[in-house]
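Descriptive structure summary
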Amino acid sequence: MEKIIDVVNLHKSYGNVKAVKGIDFYVEKSSLFAFLGPNGAGKTTTINILSTLLTKDEGDVEISGIKLGGNEDAIRSSIGIVFQEGVLDPLLSVKENLETRGSFYKLSKQVLEERIKNALEVTGIENLASRRYGSLSGGQKRRTDIARALLHAPKILFLDEPTTGLDPQTRKNVWNTIMHLQKEENMTVFLTTHYMEEADMADYVVIIDNGEIVAKGTPSYLKDQFSKDVLKIKPINQKEFEQYIEKSNLSYEKQIDIYTIKLEHTLDSIKIINEIKDNIESFQVLNGTLDDAFINITGKEIRE
Amino acid sequence: MIINLIKRNLKLYFRDKTSVFFSLLGVFIIIGLYVIFLGDMMIGYITDEVGTYSGPLVTSWIMAGVISVTTITTCNGAFGIMVEDTALKKLRDFKVSPIKRWQLVLSYVISAMIVGTIMSSLTLILSELYIYIEGGSILSFSAMFKVLGLILLSVFSSSAFIFLIMSFIQSQNAFGTASSIIGTLIGFLMGIYIPIGNLPSGVQTMIKIFPLSHSGVLLRKVMINEVVDLEYLPEEFKILLGISYKVNGEFLSNMIHIAYLLVSGVVFYLLAIIVVSRKRSK
């Protein structure tokens, strides 16, 4: 295992507001790393510090072996960033945009030409090369943003909520592009997201709230640790069922005719089902989701 | 790297047809005003002084003013790209790239100069065409050469002045407001809407202090000299139309006009650079 990003005791304040209050984490090389948190938790501040946009107040950050705060240009050459809002020029074509931004990296004409071709290919937008950026759809724009971030063949790709505001189909396409980069091109992907489905596919998740890390681990660890499995039952006779539940001291939530019971252990469901099987019209046992874990950890819904 | 940025800025300016139109709006207003009524008024006003020359003289006088205004308003339009990059947070992409801040800023300045030069040369061609159609004569080769030189000088000074103003501006709203104010005021500040001699002496002094008005003076000298030898024009007449500035009882020489434009340009650039680099350290 190799740490490609290492953050120790990172602090950042804006005046009196402490945005990041001493966080520690690291990112493994070639992994998909998700930074999860409600709005205003400090996600964007952290990503902006890591990507050299903001200066830190305190703490040590090392990115692909280079310390932050000295040779920023070396770091800049090894990272690619996809911003929440597009930063390309609407009046230029996709290719013109890539040529302009690619010229910042002191590449020879041939190499740049090749990189552009490659970036267009990886993101699947070859056929859009001559279209103006401003005329593209949301998903096409986002993929162009990603292509721009790939021009200098960075080791790490930062994405700040890359799929926010896209429709589900487009979101999936963009997500597949990101997964492809990580799996096939061995790129380290660092992303912040609002979507649990996406965090669920990450190798490692860090949950940040109020500028502090409140939990970290693999998605399955977080789910095991912070969420409970549930049993959903649709009884034949509701009154009888409620009596049983009260008698056995279980807590439940009722939605129309379906009762949701929180389980300590998945296997507890067998006992319950056995005891009232004559009164069950249908049932299902569900694993805890990352959503539940998140709510349990932060006490908030993610999309506030 | 800078060349690619300049190319980008130029494409962004010329492809935005509305911003090109609006950066010429001040010019259209001036021409419109003169075609509709100011022109005839002025011709009637000066016929006593210069007789048959009055028509072509007034046309040349206006066109000299129009060209000098073009250098300012088009530079202003070109600097809109700098404001937009800041306002729309596009700057972040440049900040996380291994380019230097000064390279980016230099690209805005050079693009503005190129835009100013192209657009005012275009205005020069169009005004010559207009003068020709009106039955006037086209500038001689040497005068044309001088005018082109003056356009370059004027663009240098204008870009410096506009750069300084734009360095304070952070939002597109502010840019729009500043542009309209500049577009409206410039006609007065250059002594075009109303000939400088008809204004109260306080305003006259203000105009004389305003560096860019000196490029108007120089352009008028060259272009009007083609119609009628300046030697033969009465002094009061030259003062009235702003063909020469009299300061402390003496006419300013061409050299002083040029030096004033150059020095003020350099000062504006230095001030703008201070403002821009202060902003970065936040």
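Analysis parameters
Residues numbered from 1 in each chain as written. Chains lettered and ligands numbered in written order. Predicted model: local features only at pLDDT ≥ 70, side-chain atom pairs only at ≥ 80, totals over all residues. Heavy atoms only, no water. Helix = DSSP H or I, 4+ residues; strand = E, 2+ residues; numbered from the N terminus. Buried < 20%, exposed > 50% of the residue type's maximum accessible area, 1.4 Å probe, protein only. Contact = heavy atoms within 4.5 Å. Buried area = accessible area lost by both parts, 1.4 Å probe. Salt bridge = Lys/Arg side-chain N within 4 Å of Asp/Glu carboxyl O. Domains from an automatic or database assignment. Phe/Tyr/Trp six-rings, centres within 6.5 Å; stacked < 30°, edge-to-face > 60°. Pairing = 2+ DSSP bridges. Axes fitted to C-alpha atoms, helices over the stretch in contact; angles between N-to-C directions. Parallel < 35°, antiparallel > 145°, perpendicular 65-115°, else oblique. Left-handed = near helix turned anticlockwise from the far one by under 90°. Nonpolar A, V, L, I, M, F, W, Y, C, P; charged D, E, K, R; others polar. Expected span 1.5 Å × (residues − 1).

So, about the side chain of Ser213(B). Residues and elements named next belong to chain B. Along the chain, Ser-213 falls in helix α10 (residues 213-225). Accessibility expressed as a relative area gives 0% for Ser-213, which makes it buried. In contact with Ser-213, not counting residues within four places along its chain, are Leu-189, Met-190, Ile-207, Lys-208 and Tyr-245.

On the chain A side, the residues contacting the 19 residues of chain B number 25 residues. When the two sides are added together, the surface that chain B and chain A hide from each other amounts to roughly 2200 Å², 57% of it contributed by carbon and sulfur. On the chain B side of the contact with chain A, Arg15(B), Val96(B) and Pro98(B) bury the most area, a combined 30% of that side's loss. Summed over the shared surface of chain B and chain A, the result is eight salt bridges.

Turning our eyes to something else, we now look at the domain arrangement of chain A. In terms of domains, chain A is made up of domain 1 (3-224) and domain 2 (228-287). For domain 1 of chain A and domain 2 of chain A, the distance between their C-alpha centres works out to 44 Å.

Another point: the environment of Phe83(A). All names here are of chain A. One can find Phe-83 in the loop between β6 (79-82) and α3 (94-102). Classification of Phe-83 by relative accessible area gives buried; the value is 5%. For the pair Phe-83 and Tyr-26, spaced 57 residues apart in the sequence, the C-alpha separation amounts to 21 Å.

What follows covers the packing of aromatic side chains. Here a ring pair, both rings aromatic, is described through the centre-centre distance and the interplanar angle of the planes. Residues and elements named next belong to chain B. According to the stated counting rule, one finds 21 aromatic pairs over all chains in the structure shown. With centroids separated by 6.1 Å and ring planes inclined at 65°, the aromatic side chains of Tyr-34 and Trp-61 adopt a geometry described as edge-to-face. Taken together, the residues Tyr-34 in helix α3 (residues 25-50) and Trp-61 in helix α4 (residues 54-87) connect sequence positions 27 residues apart. Like Tyr-34, the residue Trp-61 is buried in the burial classification. The interplanar angle of 80° and the centroid separation of 5.3 Å between the aromatic rings of Phe-161 and Phe-210 together place this pair among those described as edge-to-face. With Phe-161 in helix α7 (residues 141-166) and Phe-210 in the loop between α9 (201-209) and α10, this residue pair connects regions lying 49 residues apart in the sequence.

Another aspect to go through is the sheet that holds strand β4 (residues 58-63) of chain A. In sheet architecture, strand pairing relies on hydrogen bonds along the backbone and comes in two forms, parallel and antiparallel. Residue and element names in this part refer to chain A. Strands sit in the order β2-β1-β4-β5 across an open sheet of four strands; the sheet is antiparallel. Pairing within the sheet leaves two strands with one partner each, and these edge strands are β2 (17-28) and β5 (66-67). Contacts from helix α1 (residues 43-50) reach β1 (3-14), β2 and β4, with the element oriented near 120° to β1.

A separate point is the packing of helix α1 (residues 2-15) of chain B against helix α6 (residues 101-133) of chain B. All names here are of chain B. The N-to-C vectors of α1 and α6 enclose an angle of 50°; their axes lie 8 Å apart at closest approach. Put simply, α1 runs oblique to α6. Two packed elements cross with a definite hand, and for α1 against α6 that hand is right-handed. In contact with Ile-2, Leu-5, Ile-6, Arg-8, Asn-9, Leu-10, Tyr-13 and Phe-14 of α1, α6 contributes Trp-102, Gln-103, Leu-104, Leu-106, Ser-107, Tyr-108, Ile-110, Ser-111, Ile-114, Val-115, Ile-118 and Met-119. Looking at side-chain class alone, the contact of α1 with α6 contains 15 nonpolar, four polar and one charged residues.

Bringing the pairing of strand β13 (residues 258-262) of chain A into the picture now. Residues and elements named next belong to chain A. In this structure, strand β11 (residues 230-235) lies alongside β13, joined through four bridges in antiparallel fashion. Bridge pairing in β13 places Leu-231 opposite Ile-261. Two strands pair when backbone bridges link them, and strand β12 (residues 252-255) and β13 are joined in this way by four bridges, in the antiparallel orientation. Looking across to β13, one finds that Lys-254 is bridged to Tyr-259.

Once that is clear, we can look at unusual backbone geometry. Residue and element names in this part refer to chain A. The phi dihedral of Lys-106 falls on the positive side, at around 55°, and the residue is not glycine. With respect to the helices, strands and loops of the structure, Lys-106 is situated in the loop between α3 and α4 (109-122). Residue Lys-106 is classed as exposed on the basis of its relative accessible area of 64%. Positive phi is not limited to glycine here, since Asn-186 has a value of about 60°. Secondary-structure assignment places Asn-186 in the loop between α6 (168-183) and β8 (188-193). On the accessibility criterion, Asn-186 (51% relative accessible area) is exposed.

For the rest of this paragraph, the subject is helix α8 (residues 172-189) of chain B. Residues and elements named next belong to chain B. With 18 residues, α8 extends 24 Å from end C-alpha to end C-alpha; this agrees with the ideal 26 Å at 1.5 Å per step. Residues of α8 that are buried: Phe-175, Ala-178, Ser-179, Ile-182, Gly-183, Ile-186, Gly-187 and Leu-189. One or two residues past the end of α8 sits Gly-191, with phi positive at roughly 70°.

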